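Residue-level structural notes
Listed below, chain by chain, are the residues.
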Amino acid sequence: MGENAAACLRIDPARLKADIEAVNEIGRIEGLAGINRVSFSDEDMAGRRWLIGRLKTAGLAAQMDGVGNVFGRWNVGAGPAVLAGSHLDTVPMGGPFDGTLGVCAALEAVRAMKEAGLAPRRPVEIVCTADEEGRFGGMLGSQAICGEVGADWIASAVDDDGLPLAEALRAQGLDPMADVARDRREIAVFLELHIEQGPVLERTKDEVGVVDVVSGVFNWTVTLCGEANHSGTTPMSMRRDAFRGLAEFGAGLSEIVDRLGGEQTRLTVGKVALSPNFPHSIAGQAVFSLIGRDTDEDVMRALADACREKIARAAARHGLKVDIAQQSWLPPTALDPRVVEEIARLARAGGLKARIMASGAGHDAQTFARHVPAGLIFVPSLGGISHAPEEWTAWPDIERGATLFARAIAASALA
Ligand SMILES: [Zn+2]
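Quantities reported herein were computed from a predicted structural model and do not represent experimental measurements.

**Considerations on the pattern of salt bridges**
Tallied over the full model, the rule gives 28 salt bridges. Two residues, R182 and E186, come together in a salt bridge whose shortest N-O distance is 3.3 Å. For E309, the salt bridge goes to R313, with nearest N and O atoms at 2.5 Å. Of this pair, E309 and R313 both sit in helix α11 (residues 297-317), 4 residues apart, roughly one helical turn. What makes R313 partly exposed here is its relative accessible area of 44%.

Pasting the structure below:
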């Protein structure tokens, strides 16, 4: 009976749409495109306070912890809770659904369950994590909930402008010293709904994605050191040109991917700084980011080795010194196979065209998956675009994904 009730649960798509539109009114800043609720900004905090109000209206016990995570708990049943949600913080000039969808849809799921008269056997808790977008270099909120964040990390984390995390927290009345870790025995499962942020579902014409693995990622800062000099007087053969070293490595990325990579491999140089960065000077230094991803850690290791080798070769050819600083190495994370199968089963029962797929982007579900069973549902992203004002998902796709999400939450809570 419980199983059937979960599989038939319906949400109110108009109410979900109204919530998404309401929270996105917060974060519209004059002169900036898109949605702007950057972590621990006034807009981010206003979004979190808006959510607390909505959670209370839905009859949930709402609170914010010391790092800004918001919880709304439906205290029913007994035992470990079903946690469901995502994040409300955005990148600068972000889109309307990244994170926001999962938070609002979790709230809608609980309202729908209450209205359907369902009697969960365990508590259901909505969670809106803090700084998922990594302004301070991690996924602070979910990592803190899972007990992965130490006091020394909090003390040393800074954003791109050098602002310490502790200061950003204190400025918003939050407490960097607070221990917000939750006992993992209190959590039965974590479920998240998110936009795909890629082009796969649109291309394959699948209606939802059920994620079975989240790619691992390594994050390097590479410095090539040569010699800055006059661009007119220094013969080409006598230069130690850091830009040409960087360019030679960049041109070799395709070869590395063709030789060692697969469908899920990504290698990206996304940030480059030359100095002196002046048209009439040879670049004496090039500092660049290298982000590598794959769903197989052996492939990640092979990619990393090949990148080191190619950087060294390019540096040798141009007389450059190399420094590679590895900022982080996160292994791929498999989501719980039983949760994946249960979501896929509910999708089939609902007549949805579902695709089991990998996630190339990191999500809160991946943090939770290291500690508790976790599941992640994707809806299609128009043109595969995200982290931009043009980010969009059609409302019928939102309704399908949110319905499946609600049914997965209900099935876990009734089981
Ligand atoms: Zn997100």
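**Concerning unusual backbone geometry**
Residue P276 is reached from S275 by a cis peptide bond, and omega for that bond is 10°. Among the structural elements, P276 can be located in the loop between β9 (272-275) and β10 (285-294). Positive phi is not limited to glycine here, since Q197 has a value of about 65°. One can find Q197 in the loop between β5 (187-195) and α8 (200-204).

**Observations concerning the coordination of the zinc ion**
In this structure, H87 (NE2), D98 (OD) and H194 (NE2) serve as the protein donors to the zinc ion, at separations of 2.0 to 2.1 Å. Between consecutive donor residues of the zinc ion, the sequence gaps follow H-x10-D-x95-H. Here the residue D98 occupies a position in the loop between β3 (81-87) and α4 (100-115), and H194 occupies one in strand β5, the gap between them amounting to 96 residues. Judged on exposure class, the residue D98 and its partner H194 are both buried.

**Let's talk about the domain arrangement of the protein chain**
Often, the extent of an interface is quoted as the loss of accessible area on bringing the components together. Taken as a whole, the protein chain is organised into domain 1 (2-215 + 333-414) and domain 2 (216-330). The distance between the C-alpha centroids of domain 1 and domain 2 comes to 35 Å. Taken together, the contact pairs 10 residues of domain 1 with 8 residues of domain 2. For the pairing of domain 1 and domain 2, the buried interface totals around 560 Å² over both sides, and the portion due to carbon and sulfur atoms is 51%.

**Notes on helix α12 (residues 337-349)**
The first and last C-alpha atoms of α12 sit 18 Å apart over 13 residues, in line with the 18 Å expected at 1.5 Å per residue. Capping the start of α12, D336 holds a side-chain oxygen 2.8 Å from the backbone nitrogen of R338, two or three residues further along. At the C-terminal side of α12, G351 shows a positive phi close to 75°.

Scoring rules and cut-offs
For every chain, the first residue of its written sequence is number 1, and the numbers climb from 1 along that sequence. The predicted origin of the model limits local features to residues at a pLDDT of at least 70 and limits the giving and counting of side-chain atom pairs to 80 or more, whereas totals for whole chains, interfaces and linings rest on all residues. Side-chain numbers here rest on the full set of heavy atoms in the structure, without hydrogens or water. When a carboxyl oxygen of Asp or Glu lies within 4 Å of a side-chain nitrogen of Lys or Arg, that pair is called a salt bridge. Secondary structure elements are taken from DSSP: a helix is a run of H or I of four residues or more, a strand is a run of E of two residues or more, and numbering for both begins at the N terminus. Whether a residue is buried, partly exposed or exposed follows from its accessible area with a 1.4 Å probe, protein chains only, as a fraction of its type maximum: under 20%, in between, or over 50%, in that order. Listed donors are limited to N, O and S atoms within 2.8 Å of the metal, widened to 3.2 Å for Na, K and Ca; water is not among them, so incomplete-looking sites are possible. Start and end points for every domain follow an automatic or database-based domain assignment. By definition, residues are in contact when any of their heavy atoms lie within 4.5 Å. Computed with a 1.4 Å rolling probe, the buried area is the accessible surface lost when two parts are put together, summed over both parts. Helix span, expected: 1.5 Å multiplied by one less than the number of residues in the helix. By the criterion applied in these results, polar contacts are pairs of N or O atoms within 3.5 Å in which, for protein atoms, one can donate a hydrogen and the other can accept it, and in which residues neighboring in sequence qualify only through two side-chain atoms.

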